[in-house]
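Structure assessment
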Amino acid sequence: MVEIPKSHPRYLSLKTREKIKQAMKKGLVHETGLIAHGRGEAFDYLIGEKTIPSAEEAEKVAASTLICAENPVISVNGNVVALTAKEIIELAEIIPAKLEVNLFHRSEKRIENLILELKKQGAKKVYGASANAQISSLEHNRSLCDKEGIYSADVVLVPLEDGDRCEALKAMGKSVIAIDLNPLSRTARTADITIVDNVIRAIPNISKWVKKLKNEDIETLNNMVKSWNNNKMLRDVSSFISKRLNSLF
Ligand code: ATP
């Protein structure tokens, strides 16, 4: 493990890279996860590495959607476990929601490693090993999922998803909440609710909103969900980024 001095101006970013690197060495993160992380970092720079108002709003609506759901599932991959394992376990507990390991580059070994890691960090039950169902219209291993998990979920929270799978989940009639720092990605444009924020900030923020909204009446929460306009939010993010860039130089 490389020692990074706390005084370094990019301390948090470097620590995060180190976490991803170590997780790759432990067989949790796929090599391409490093590339996906790099793309995320670039977009995080553009928004100023902070939760922007549109993301805060999306996190609030995501919390309402998860509270109102009948069978909510949180889909996790290697990067999510590397960066926010404890926080995602807490979120699943307070909603409550099921946790399922679901991988683009699926290998039985990595599924097993990720399930073990989540259990080590406190998760009681983690779906994903049995792979007894398939997400329709997707080819190969990445369509595999659990009948009692993602397959039968009404709401799926997919931090760091790829566009194809997001579209396929939508085509199955599920409500999809995505966390993606890239507002231009197909995932961001396909999901019902897109949170343009770093998973590291987004997950604890959704938990904060779940705690605040848990005792609200269902009708109020449902109205909040129904009135959400994801395209408007993406336009707001784009305008936020343009204004920010124009004001920098
Ligand atoms: P799409 O298929 O949706 O157009 P893509 O092919 O770019 O997207 P991936 O290559 O799977 O999708 O990349 C994953 C996405 O996750 C990237 O868009 C990246 O911005 C985002 N991302 C990476 N790290 C983080 C992070 N820590 N927090 C939030 N988003 C992240």
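Below is a short write-up of the structure. Remember, predicted model here, so these are calculated numbers, not experimental data.

Reading guide: rules and limits
In this convention, every chain numbers its residues from 1, walking through the sequence in written order. Only residues with pLDDT of at least 70 get local features here, since the model is predicted, and only at 80 or more are side-chain atom pairs given and counted; chain-wide, interface and lining totals rely on the full set of residues. Working from all heavy atoms in the structure, the side-chain values ignore hydrogens and water. If DSSP finds at least two bridges between two strands, the strands pair. Helix and strand assignments come from DSSP, with helices taken as H or I runs of at least 4 residues and strands as E runs of at least 2, each series counted from the N terminus. To define axes, lines are fitted to C-alpha atoms, for helices over the stretch in contact only, and angles between the resulting N-to-C directions are given on a 0 to 180 degree scale. Residues enter patches when they are more than 30% accessible in relative terms and free of salt bridges; like-charged ones are connected within 9 Å and nonpolar ones (Val, Leu, Ile, Met, Phe, Trp, Tyr) within 5 Å. In these tables, accessible area is a Shrake-Rupley quantity obtained with a 1.4 Å probe, and a residue counts as shielded only by the protein chains included in the view. Here a salt bridge means any side-chain nitrogen of Lys or Arg lying within 4 Å of a carboxyl oxygen belonging to Asp or Glu. Whether a residue is buried, partly exposed or exposed follows from its accessible area with a 1.4 Å probe, protein chains only, as a fraction of its type maximum: under 20%, in between, or over 50%, in that order. Whether a residue is near a molecule or strand depends on its heavy atoms: if one lies within 4 Å, it is near. Whenever two N or O atoms come within 3.5 Å, that pair is a polar contact, provided that in protein one can donate a hydrogen and the other can accept it, and provided that, for residues adjacent in sequence, both atoms are side-chain atoms. Each residue gets one of three labels, nonpolar for Ala, Val, Leu, Ile, Met, Phe, Trp, Tyr, Cys and Pro, charged for Asp, Glu, Lys and Arg, and polar for the others, Gly among them. Here roughly perpendicular refers to angles of 65 to 115 degrees, roughly parallel to angles under 35, roughly antiparallel to angles over 145, and oblique to all remaining angles. When the near helix sits turned anticlockwise from the far one by under a right angle, the crossing is termed left-handed; a clockwise turn instead gives a right-handed crossing. In what follows, residue pairs with any heavy atoms lying within 4.5 Å of each other are defined as contacts.

Pairing within the open sheet is parallel, and its 5 strands lie in the order E2-E1-E5-E6-E7. Across the chains shown, the open sheet's two edge strands, defined by having one partner strand only, are strand E2 (98–101) and strand E7 (193–195). For this sheet, the mean inter-axis angle between neighbouring strands, taken without regard to orientation, is 20°. Taken together, the 3 bridges between strand E6 (residues 175–179) and E7 define a ladder with parallel strand orientation. Its bridge partner lying in E7, isoleucine 179 is registered against isoleucine 195.

Attention now goes to a nonpolar patch on the surface. A cluster of nonpolar side chains, Leu245, Leu248 and Phe249, forms an exposed patch at the surface whose accessible area comes to about 360 Å². Take leucine 245: it is sitting in helix H10 (residues 230–248). Judged by its relative accessible area of 33%, leucine 245 is partly exposed.

This paragraph deals with the site of the ligand. In the region of the ligand, 17 residues are neighbours, and Arg39, Gly163, Arg186, Thr187 and Asn198 sit closest. At a separation of 2.8 Å, an oxygen atom of the ligand approaches a polar backbone atom of glycine 163. Contact distances for the ligand include 3.0 Å between a nitrogen atom and a backbone N or O atom of valine 199. For the ligand, the protein covers 85% of the area, taking 640 Å² as the surface of the free molecule. For the shell around the ligand, the secondary-structure elements that each account for two or more residues are helix H2 (31–47) and helix H7 (186–190). Partitioned by chemical class, the residues of the shell around the ligand number 5 nonpolar, 7 polar and 5 charged.

Okay, the packing of helix H3 (residues 53–68) against helix H8 (residues 199–213) next. Remark: H3 packs on H8, axes separated minimally by 8 Å, with the N-to-C direction vectors making an angle of 55°. Viewed along their axes, H3 and H8 adopt a mutual orientation that is oblique. Judged by the twist between their axes, the crossing of H3 over H8 is right-handed. For the pair H3 and H8, contact is made by Glu56, Glu59, Lys60, Ala63, Ser64, Leu66 and Ile67 and by Ala202, Asn205, Ile206, Lys208, Trp209, Val210 and Leu213, respectively. Split by residue class, the contact of H3 with H8 holds 8 nonpolar, 2 polar and 4 charged.

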